[in-house]
Structure formats: structure tokens, C-alpha cells
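Summary of the model geometry
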Amino acid sequence: MKTPIQLRLNGEEVAAFADDGANLLDVLRESFGDLTVKGGCWQGTCGTCTVLVGGNPRLSCVTLAESCSGNSVETVAGLRRGADLHPLQSAFMEHFAAQCGYCTPGMLMAAKALLDRNPNPTREDVVDAICGNICRCTGYEPIIAAILDAARKGARRSA
Amino acid sequence: MAKHRGRGVATINYPIGMNLGGDPSQALVHSNPTGKFTVSLSSIDLGQGMKSVTRQICAETLGVPIEDVYVDTADSDTGPHCMGSFASRGTHRVGNAVMAAAREARGVMMEAAAEELEVDPGDLETDGRGAIHVKGAPHRSISVRDVAIAAQFRQGKTISGRGIFLVPLSDVDPETGEMSPATCYAHACQIVDVEVDDETGDVTVLKMTSAYELGRAINPKLVEQQLVGGSWMGMSHALYETPEPYYPDTREGPRDFNEYLMPGPGDICPHDIIVLERPAADGPFGAKGPGEMCANPSLPAIANAIFNAVGVRIDELPITPERVLRALRERGRSVAASRAW
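Note on numbering: residues in each chain are counted from 1, in written sequence order. Just so you know, chain letters begin at A and ligand numbers begin at 1, following the order they were written in. Per-residue local features of the predicted model are confined to residues with pLDDT of at least 70, and side-chain atom pairs are confined, for both listing and counting, to 80 or more; whole-chain, interface and lining totals are unaffected and use all residues. Working from all heavy atoms in the structure, the side-chain values ignore hydrogens and water.

Further remarks concern the sheet that holds strand β2 (residues 12–19) of chain A. All names here are of chain A. Taken together, the five strands give an open sheet; going across it, the order is β2-β1-β5-β3-β4, and neighbouring strands pair in mixed fashion. Because the sheet does not close on itself, it has two edges, and the strands there are β2 and β4 (56–59). Neighbour-to-neighbour, the strand axes of this sheet turn through a mean angle of 40 degrees, independent of strand direction. Pairing geometry for strand β1 (residues 2–9) and β2, over eight bridges, is antiparallel. The partner of Leu9 across the bridge, within β2, is Glu12. Note on contacts: a residue pair qualifies if any of its non-hydrogen atoms lie within 4.5 Å across the two residues. To get an axis, fit a line to the C-alpha atoms, keeping to the stretch in contact for a helix; angles then go from 0 to 180 degrees between the N-to-C directions. Helix and strand labels come from DSSP, where a helix needs a run of H or I of at least four residues and a strand needs a run of E of at least two; each type is numbered from the N terminus. Most of the contacts of helix α3 (residues 104–117) go to strand β3 (residues 50–53), to which it runs at about 35 degrees, and overall it touches β3, β4 and β5 (72–74). Strands pair, by our definition, only if DSSP identifies at least two bridges between them.

Structure representation (C-alpha cells):
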């Protein structure tokens, strides 16, 4: 059996038929071709597959795609506006917050969820937001610094 | 029951590349007809920055803008040979190979330019911005692009170069067995402050302070990135990571990220790092390379800090709370026994 899935994916209405019980990660990658979403552990422990569903961070590998139907989903593919990178993307580059890059999509989305609801986070808030995301290369410090910097710059812009 | 603070120190001498030599890497450099250069490698960029560093080395040696150099590490089936990305050998071995290849390519480029300008190649210099001119006469100039077009379509030359770097296998002294393990050493010292809870056995790393001497830092931001990430990995090896089973056999071992523990973003500590640059005689522009050594000193420094804090010498890794508690209990017994005696 196939199940209809309808999403507002990065602001665009999309629809597809997916296998019953398909997880959001597979549907995003295979049905909607969004390869910015990465699978790591497929059991909800590494965080690299993090996307935003209705603005909240979700582990797409353990999220039933069907349960998101009718909801909005945001991925890294929707972060940049034309040629302009999202402030988080620029900050990750400036702070060398990626090495192998595998955790980066999940880190960016976990950070976006944080900054969307708390534009002026403390260091503890940032640590809390990314504590479900595993990074093997950076030692986390450059990632924390990048998110705090993006928050500072974002706050300045809106002020 | 209390928390005890301790400080540990470790120093390391790290040999760059495989011990005893016999450790080659090759590079090929060529231009296309628009004066852009490609570096072909089989060396892999794992995220450590191999592509950035070899790109810098090639551009600097050729004397062209870095934007005009592309590094292709695509395929070990088709690229020139490389031993691999390990043993902190990338910057030193591959960098030297790229430098040799770029030097040969530069020679052809300067000859081609000399032919176009009708001067001696020895009288020419690059400006690093995409042009070649006669020394002392910048108006007698030709762009690298025009040189490449001329070489390709008029002179029938390929602007290209080959490079290999090989530390020969070390000889063995038949009398003493003495060998020369390495030609190039990097050095580091790390101080780690910890807090040990003698009730739970938990070890918290409070602060790291490091000095690294790794030759010229070709790309200082990449060096810093390696040192910060590497010290996290060292701390992870010292206190968290193990494939061993908890109890009692391998079926009980860690199977996934729920059970294979690593420090998270809340477990890291402030880390002050000083980078000392003493250019290596046989390194590309004096570079050695951070690589593996950035994880190495943290393990002994943390073990020493725990000894300093609670007086137990733990020589099995990782130093889990259980091992700390067992060692403390063992020491308590021996203290009690010596008192009873």
C-alpha cells in the first residue's frame, strides 16, 4: 500500500505517494529529491537527519512521514535565499565549524530551531540545542561559537 | 566523599609520516588553455583541509592567484599514487610532492612566457596576480592566460609538472640495529586540569592548555581547527570511547551511539592553544603537520591529572568512573592494610 504525503517543504507545496510506514528521511530524499537531508544512524541517536517539522526539530529517520502530512518541513535546502546564505551558514563557514561535514545539516537545523524561538541564546542554550547531534571532527567549540555569532549578527540586523 | 582537583602534563615528539621511510606520494600539476591549473592527487581530504593546503602550496610555488588552482582528489584508480591520509603525513609528504610538481610546471610556464616576450626565462618573474613580467620592467608583461594559450596553440607545449616525495627506507646499522625513524618531528605539550568525584568516579575535564610546535602553519585556521577537534578526540579516547563489552562478553558491548559514548557539547572545556612555528628543513615552506598528534597528549595528561587529583594510577583506557572507583577502593585497601600493619 502507498500513502499520500503532502508537505509544505521549504515553503513549497509538494505531494507524493510513499510506502506505508516510510520515515520522513527516506521520503524527503527519495520522493522529494532533497539530498541535503542526511541519514547517519537510522535510530535517532546521531542527529544528522534533523529537520524542522512545524518549526520544531525532529529526527527525520525515526519520524513517520505520514504523521507530517499537511505540516511544514524545513531542511538545509531552504536555508539560503537566492545567492544569500543564511546567517547560520555564513557563521559556520567563518568559524570553520565543519570538517568532514556530515553532521553539518543536522547542526544547522537544530541551530535554526533554537534561533527561531530564542534569538538571543546563552551558551548553555546552544549546548542544549545541539546536545543530540554528534560531531566527530570539530570538538563542538567552533559550532557553538558559530551559532552564538549568528545569533549576535541576526540580533543586530533586526535591531 | 569529595571532589578533588588535579593537574596533569604530557609532552610528545611526533614523527611526521611513516616511521623508517619508504613512504611516497605523487602529484601532477597541469594548466588548461585558459591558464587555470589543476593539481591531480589520490590523497584524500577527510575534512582536515588537504585540498586547501595543497592548493595554497601549488599557487604559491607557481606564483599564480589561489583562485586559479583547482585540486582534484577524485579517484585513486586514475590519480597519481599516494600512500594515504594518515600518520600526519598529508601536508609534509603530499605538500612536498605538489611543490615539486608545481616547480616543474612553473619552469615550463616561464619558458613559454620567455618565448612570447623574446627574453631569457631567468629574467622573468611572476606577480602572483596572474601575470609574468621582466624583472625590473613590469610593463614588459604577459598574462598567465596568454602564456597558456600560446603554449597550447602555438608552441605545442604542455605546461605541466610531476612531483614525488619519498623518504627513502632507513638503513639498519648491522652492529647496533640503529635506524633513522623519521626526518621530521613535531612537538607538543599539554596541561589538563580535571576534577574527580571520589563518590561516583566521574572525571570532569575543566581546562586544557596546549603548546604545539608544528613547523610553519600553512593555514593557521585549519591548524587551530585540527587542534581543537583533536583534543576533544583525545579526551574522548581517555575517558569515554571503548568497543569493549561492559558485562560480561562481547554481546554486551556497545552496538550504537546510545552505548558507544563520546563527550557531547556540554562536556567540553576551555582550551588555550599556542602554536609555535619552527619551519622544518624538509617541509613544504617549512610545514610539518598537526594530524594525529593533536589527539595524543590528552590521554597521558588526563591520566596524570587523575593521579594528581586522587592518587590512583590508571593505565587502562578509557578511564571510566568504574575504573576510577575500583582503583580508589584498591588504594583504600592498601592504605588500610599498611595502617593495620
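On to the packing of helix α1 (residues 50–62) of chain B against helix α2 (residues 90–117) of chain B, then. Residues and elements named next belong to chain B. Orientation of α1 relative to α2, taken along the N-to-C sense of each, is 30 degrees, at an axis distance of 8 Å. By the angle between their directions, the pair α1 and α2 is classed as roughly parallel. For the pair α1 and α2, the sense of crossing is right-handed. Contact residues: α1 offers Met50, Val53, Thr54, Ile57, Cys58, Thr61 and Leu62, while α2 offers Gly90, Thr91, Val94, Gly95, Val98, Met99, Ala102, Arg103, Ala105, Arg106 and Met109. Residues are grouped as follows: Ala, Val, Leu, Ile, Met, Phe, Trp, Tyr, Cys and Pro are nonpolar; Asp, Glu, Lys and Arg are charged; all remaining types, including Gly, are polar. Here the contact of α1 with α2 is built from residues that sort into eleven nonpolar, five polar and two charged. Roughly parallel refers to an angle under 35 degrees, roughly antiparallel to one over 145, roughly perpendicular to one between 65 and 115, and oblique to any angle outside these ranges. Handedness of a crossing is defined here by the sense of rotation of the near helix relative to the far one, left-handed for an anticlockwise turn of less than a right angle and right-handed for a clockwise turn.

Where charged atoms of side chains with opposite charge meet at close range, the side chains can pair. In the sections that follow, a salt bridge refers to a side-chain nitrogen of Lys or Arg positioned within 4 Å of a carboxyl oxygen of Asp or Glu. Applying the stated criterion across every chain yields a total of 23 salt bridges over all chains. As a salt-bridge pair, A:Glu94 and A:Lys153 come within 2.7 Å of each other at their nearest N and O atoms. With A:Glu94 in helix α2 (residues 87–94) and A:Lys153 in helix α5 (residues 141–158), this pair connects stretches of sequence that are 59 residues apart. Here the term buried applies to any residue with accessible area under 20% of the maximum for its type, exposed to any over 50%, and partly exposed to those in between, with areas from a 1.4 Å probe on protein chains only. The class of A:Lys153 is partly exposed, set by a relative accessible area of 29%. B:Glu224 is the partner of B:Lys221 in a salt bridge, and the nearest nitrogen-oxygen pair spans 3.8 Å. Linking B:Lys221 with B:Glu224, this pair stays in helix α4 (residues 220–239), spanning three residues, or about one helical turn.

Right, let's talk about the interface of chain B and chain A for a bit. With 24 residues of chain B in contact, the opposing surface of chain A contributes 22 residues. Of the roughly 1,700 Å² buried where chain B meets chain A, counting both sides, 65% is carbon and sulfur surface. Buried area is understood as the total, over both parts, of accessible area removed when two parts are fitted together, assessed with a 1.4 Å probe. If you sort the residues of chain B by the area they bury against chain A, B:Gln225, B:Phe257 and B:Pro265 come out on top, with a joint share of 34%. In this assembly, chain B and chain A are joined by one salt bridge. Here B:Glu241 and A:Arg136 are joined by a salt bridge, their closest N and O atoms 2.5 Å apart. N or O atoms closer than or at 3.5 Å make up a polar contact, with two conditions inside protein: a donor-capable atom paired with an acceptor-capable one, and, for residues adjacent in sequence, both atoms drawn from side chains. Counting across the chain B and chain A interface gives five residue pairs in polar contact (both at pLDDT 80 or more). Across the side of chain B that touches chain A, the residue classes break down as eleven nonpolar, ten polar and three charged.

This paragraph deals with the domain arrangement of chain A. All names here are of chain A. Taken domain by domain, chain A consists of domain 1 (2–78) and domain 2 (87–158). Placing the centre of domain 1 and that of domain 2 at their C-alpha centroids yields a distance of 21 Å. Counting from both sides, the interface comprises 16 residues of domain 1 and, opposite them, 15 residues of domain 2. Inspection of the domain 1/domain 2 interface yields one salt bridge. With a shortest N-O distance of 2.6 Å, Glu74 and Lys112 are connected by a salt bridge. Taken together, the links from domain 1 to domain 2 amount to six residue pairs in polar contact (both at pLDDT 80 or more). Per element, the largest residue contribution to the side of domain 1 that touches domain 2 is three residues, and it comes from β3. Partitioned by chemical class, the residues of the side of domain 1 that touches domain 2 number five nonpolar, nine polar and two charged. Note that the domain bounds were set by an automatic or database domain assignment.

A cluster of nonpolar residues, B:Leu20, B:Leu169, B:Val172 and B:Met179, forms a patch on the protein surface that exposes about 360 Å² of accessible area. Relative to the helices and strands, B:Val172 resides in the loop between β8 (160–165) and β9 (185–197). The patches reported here contain residues having more than 30% relative accessible area and no salt bridge. Joining distances are 9 Å for like charges and 5 Å for nonpolar side chains (Val, Leu, Ile, Met, Phe, Trp, Tyr). Areas reported as accessible are Shrake-Rupley estimates using a 1.4 Å probe. Residue values count occlusion only from the protein chains shown.

Residues and elements named next belong to chain A. Note on terminology: disulfide denotes any pair of cysteine sulfur atoms within 2.5 Å. Applying the stated criterion across every chain, the model contains zero disulfides over all chains. The structure places no disulfide on Cys68, whose sulfur is separated from the nearest cysteine sulfur, that of Cys49, by 11 Å. Take Cys100: it sits in no disulfide, and the sulfur closest to it among the cysteines is that of Cys137, at 3.8 Å.

This brings us to the sheet that holds strand β7 (residues 137–143) of chain B. All names here are of chain B. Spatial strand order, β5-β6-β7: three strands in an open sheet with antiparallel pairing. Looking at the sheet topology across the chains shown, the edges are occupied by β5 (124–126) and β7. Taken over all neighbouring pairs, the strand axes of this sheet differ in orientation by 35 degrees on average, direction set aside. Bridge analysis of β5 against strand β6 (residues 131–134) gives three bridges, and the strand direction is antiparallel. Within the sheet, the bridge partner assigned to Leu124 lies in β6 and is Val134. On the sheet, α2 packs against β5, β6 and β7 and is oriented at approximately 125 degrees with respect to β5. Sitting on the sheet, helix α3 (residues 144–155) touches β6 and β7, and the angle it makes with β7 is about 50 degrees.

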